[in-house]
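Given next are the chains, with one letter for each unit.
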Amino acid sequence: MPKRALSAVLDSGATSAASVIRRHLSPAVANTSDFIAERASGSYIYSTDGQKHLDMVASLGALSTGHCHPKVVNAIQKQAASLIHSQQNIFAATTPLVGLLDRMMEITAPSLTRFFFANSGSEAVDNAIKIARGHTKRQNIICFENSFHGRTYGAMAVTTCKTYYRQGFAPLMPQVVVAPYPYCLHCKVREAHPDGDSWYKVQPNGNPYEARGCCNAPIDALKWILKQQSAPSDTAAIIIEPIMGEGGVLVPPPGFLPALRQICNEHGILLIIDEVQVGVGRTGEWWGHQHVSGTAIEPDIMIFAKGIASGFPFAGLATREHLFEGLSPGTMGGTYGAGPLACATACATLDVIKEEKLLDNATARGRQLASGLVELAERYPILDVRGRGLICAAELGSRGGAASAEPGIAAAVTKAAGRRNLLLCTAGAREVLRFLPPLTVSEGEIDKALHILGESLEEVFNSSAAQLKVA
Ligand SMILES: Cc1ncc(COP(=O)(O)O)c(C=O)c1O
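Not measured: the values here are computed from a predicted model. (Residues numbered from 1 in each chain as written. Predicted model: local features only at pLDDT ≥ 70, side-chain atom pairs only at ≥ 80, totals over all residues. Heavy atoms only, no water.)

Novice: Please set out the site of the ligand residue by residue, giving values where relevant.
Specialist: Around the ligand sit Ser120, Gly121, Ser122, Phe148, His149, Gly150, Glu241, Glu246, Asp274, Val276, Gln277 and Lys306, and that is every residue in its neighbourhood. Side-chain polar atom of Ser122 to an oxygen atom of the ligand: 2.5 Å apart, as the coordinates give it. A distance of 2.7 Å separates a nitrogen atom of the ligand from a polar side-chain atom of Asp274. Against a free-state accessible area of 390 Å², the protein chains account for coverage of 84% of the ligand. Considering only residue class, the shell around the ligand consists of two nonpolar, six polar and four charged. (Near = heavy atom within 4 Å. Polar contact = N/O pair within 3.5 Å; in protein donor to acceptor, adjacent residues only side chain to side chain. Areas by Shrake-Rupley, 256 points an atom, 1.4 Å probe, with all protein chains shown as cover. Nonpolar A, V, L, I, M, F, W, Y, C, P; charged D, E, K, R; others polar.)

See below:
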């Protein structure tokens, strides 16, 4: 039988194979590397050219238990042999769904008693907006600067971290208001305050974020928004990530989320917490919003995806009991939501996270990573190290010591790391390197990643021959 054309290109081993193949895929999907992935295990991914890459991106945080964890693979194989799919409108439930509900109720706030399952984070965000509008009979949704909630029309409308997610796609979903978010490193109030620098320091150990102060300007701004732009009686929900992931790994100052909870309570506004990127153990707690000390903050709707099923497409949301009042049967659904294969994968993922104590590993390895980045900040222009557990970032400065970083410098560092077989990604509209390794990552792998990063920073910042190879 004649070889199919693209398979033949791949088998020829030509260095241009990736670009030939990509000619048949959407050019609107951006690629940060040009290798073709073949197989993977743990923290490593192997490409068809025989290279082994250390993965500090983990499919943007989806691979919570690492690549192809044997228990997750086994659960998928077993489930595939007994029931691949059964549409959620046809049966009351499936056995893997029952197992998943039990597990989810163990790890979510007691007030979150109702669940809805979908296939992607964006789809779950759209459904959360539907629930909020349907329940409150109000239209407005308040989101924040630097947010990312997805690429579908509803999710895109509440995404503000980069113009290119929305550019050219208007009209967007209406009735969205964008509120300021505390980006402390660039906060003008902090810069102008005589004690401002002591509010905010790069600290390698412990949990620096609890010590960081806030000028409270964003909360004041939100209160004005409710007076000037979006009356509380028109405001259905406030949607926020516990840490802005795509927006630059921005950890809110300690009082910020409790203040949002209080404002929502005062006005009957629903608080939607989007845990798609930082949930399921990544921060060292099951959920990113659980780090708030003192007054516990509980969402009205919590959205999850990515890490919940180790990279298998799956997502969902959990809500307070009464929130579905006002939504009649049929208003929510979908062919693949709550599918048994995805539910079985999620059950295995949650079991592995528990059995292998991956929350503790996320905390310990996160500290190791942050400490290593702070050490690198002594030699290279790293302006800030931030994150929690295994979502961690380094914001870069400029090569010549200028106040603002050169555009493209973070991408140049990820390219330099890629040439050394370390996968990294960037975040936000500024120059930020982001780390989202699997929760199973070892001490040795973090050391190796830091070592390669050091070499890459040296190449980009100190080599006279270095050019910004961003393309
Ligand atoms: C916080 C957050 N919400 C929603 C999404 C969208 O998820 P998906 O890509 O599964 O649609 C993402 C994806 O990165 C995310 O980080």
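Novice: I'd love a proper account of the domain arrangement of the chain, names of residues and values included.
Specialist: As far as domains go, the chain holds domain 1 (32–61 + 357–462) and domain 2 (71–355). One C-alpha centre belongs to domain 1, the other to domain 2, and the line joining them spans 25 Å. The interface is formed by 34 residues belonging to domain 1 together with 38 residues belonging to domain 2. Glu246 is the partner of Arg434 in a salt bridge, and the nearest nitrogen-oxygen pair spans 2.9 Å. Where domain 1 touches domain 2, the interface holds 17 residue pairs in polar contact (both at pLDDT 80 or more). When residues of the side of domain 1 that touches domain 2 are traced back to their parent elements, those giving at least two are helix H3 (58–61), helix H14 (358–377), strand E11 (382–388), strand E12 (391–396) and strand E15 (432–435). Here the side of domain 1 that touches domain 2 is built from residues that sort into 19 nonpolar, seven polar and eight charged. (Domains from an automatic or database assignment. Contact = heavy atoms within 4.5 Å. Salt bridge = Lys/Arg side-chain N within 4 Å of Asp/Glu carboxyl O. Helix = DSSP H or I, 4+ residues; strand = E, 2+ residues; numbered from the N terminus.)

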